[in-house]
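Structure assessment
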Amino acid sequence: VGSEMCIRDRAMGCGWVTIYITLLFVLENCLKGITNLFNGIFQAHEEGKYQAISNALLSFLTMGAILAAIYLNLGLDGITWGYVLANAGALLYAFFPLLKMVKIRRINFDFGFWKQLIKWGVPFAVTGIFASIYYYIDIVMLTQLVNDFATGIYNATYKSVSYTHLRAHETS
């Protein structure tokens, strides 16, 4: 995914700073995905407290990192690293309780089940791809209309507002 975005950004004439920030957000999304995988394991084992603590920690770390980046005047680079470090912190927290819970066993594959699972999962994968396109298309279009700085400010503000909105719905 990251290399595709890098090639696309270079083809669109974006600078290396834009590609660097984009790849940092790709890293952030990878860390977030692994943390969500761990949270799914917590749900399967009915250990909701670890998931709740992980989500709260992610919220506090994200807000703290963004406020620190703004206070220290680190710009878009600092805000992006704030997202990455906050997700890395939540991932590290979720990893250690997981080590206590999960026992490593011999792996058996049921290829019939995998085939059926992939067949049923393709519509969800396509929906996820189109949702990602829908979520990020405004950034791509804005990049073509204005400079990188304005796009970065818009993206940081948009992510902060959507993140706050998401957290408000999770707690209610």
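Shown above is the structure to which this text applies.
The present account deals with the structure reproduced in this document. Within each chain, residues carry numbers counting from 1 in the order of the written sequence. In keeping with the model being predicted, local features are shown solely for residues with a pLDDT of at least 70 and side-chain atom pairs are shown and tallied solely at 80 or more, while totals for entire chains, interfaces and linings include all residues. With hydrogens and water set aside, each side-chain value is computed from the structure's full complement of heavy atoms.

Focus: the overall build of the protein
If you tally the helices and strands in the protein, you get six helices and zero strands. Each helix (α) and strand (β) of the protein, taken in turn from the N terminus, gives the series α-α-α-α-α-α. Exposure is judged per residue with a 1.4 Å probe applied to protein chains only, and the accessible area is read against the type maximum: over 50% gives exposed, under 20% gives buried, and values in between give partly exposed. Burial status across the protein gives 27% buried among its 172 residues. Contacts are assigned to residue pairs with any non-hydrogen atoms lying within 4.5 Å of each other. Sequence-distant contacts, at least 24 apart, represent 72% of the contacts inside the protein between residues at least 6 apart. Comment: elements are numbered from the N terminus, with helices defined as DSSP H or I runs of at least four residues and strands as E runs of at least two.

Notes on the nonpolar core
Nonpolar cores were defined as sets of buried Ala, Val, Leu, Ile, Met, Phe, Trp, Tyr and Cys residues, with membership established by side-chain atoms within 4.5 Å. Ranked by size, the top nonpolar core spans ten residues in total: Leu24, Leu31, Phe38, Phe42, Tyr50, Val84, Leu91, Ala94, Leu98 and Met101. Sorting the residues of this core by element identifies helix 2 (16-44) and helix 4 (75-101) as the ones contributing at least two each. The element best represented in this core is helix 4, accounting for five residues. Filtering out sequence-adjacent residues up to four positions away, Leu91 remains in contact with Leu31, Ile34, Thr35 and Phe38. By size, the runner-up hydrophobic cluster in this structure holds seven residues, among which are Phe25, Ala69, Ile79 and Ala156.

With respect to the packing of helix 2 against helix 4
Here an angle of 0 to 180 degrees is reported between the N-to-C directions of two axes, which are lines fitted to C-alpha atoms, with helices fitted over the stretch in contact. In the contact formed by helix 2 and helix 4, the axes pass within 9 Å of each other and the chain directions differ by 25 degrees. The angle between the axes of helix 2 and helix 4 places the two elements in the roughly parallel class. Like other packed secondary-structure pairs, helix 2 and helix 4 cross with a definite hand, here left-handed. For the contact of helix 2 with helix 4, the per-class residue count stands at 22 nonpolar, three polar and three charged. These descriptions rest on fixed angle ranges, namely under 35 degrees for roughly parallel, over 145 for roughly antiparallel, 65 to 115 for roughly perpendicular, and the rest for oblique. Whether a crossing is left-handed or right-handed is set by the direction in which the near helix is turned from the far one by less than a right angle, anticlockwise for left-handed and clockwise for right-handed. Gly counts as polar in this scheme, as do all residues outside two lists: the nonpolar Ala, Val, Leu, Ile, Met, Phe, Trp, Tyr, Cys and Pro, and the charged Asp, Glu, Lys and Arg.

Section: the environment of Lys159
Mapped onto the elements of the fold, Lys159 is located in helix 6 (residues 148-171). A relative accessible area of 7% places Lys159 in the buried class. Contacts of Lys159, omitting those with residues within four sequence positions, involve Phe25, Glu28, Tyr83, Tyr135 and Tyr136.

Here we look at the side chain of Thr151
If you trace the backbone, Thr151 turns up in helix 6. With sequence-adjacent residues up to four places away left out, Thr151 is seen in contact with Ile139, Leu142, Thr143 and Val146.

So, unusual backbone geometry
It is generally the case that most residues other than glycine have a negative phi and that most peptide bonds are trans. Positioned with a positive phi, Asn73 is a non-glycine residue whose angle comes to about 55 degrees. A residue is classified by how much of its surface remains accessible, and Asn73, at 69% relative accessible area, is exposed.

Topic: the pattern of salt bridges
We define a salt bridge as a contact between a side-chain nitrogen of Lys or Arg and a carboxyl oxygen of Asp or Glu at a distance within 4 Å. By the definition in use, this model includes one salt bridge. The partner of Glu28 in a salt bridge is Lys32, with the nearest N and O atoms 3.1 Å apart. Separated by four residues within a single helix, Glu28 and Lys32 lie in helix 2, roughly one turn from each other. Residue Lys32 is classed as partly exposed on the basis of its relative accessible area, which comes to 26%.

Some points on helix 2
For a helix, the expected span equals 1.5 Å multiplied by the residue count minus one. With 29 residues, helix 2 ought to run about 42 Å at 1.5 Å a step, and its terminal C-alpha atoms sit 42 Å apart, in line with that. Immediately beyond the C-terminal end of helix 2, within one or two residues, lies Glu46, with a positive phi of roughly 55 degrees.

Looking at the side chain of Asn39
Summarising the element assignment, Asn39 is placed in helix 2. The buried category is assigned to Asn39, whose relative accessible area is 4%. Setting aside chain neighbours within four positions, we find Asn39 in contact with Gln51, Ser54 and Asn55.

In short, the description is geometric, and any link to function would need to be established separately.
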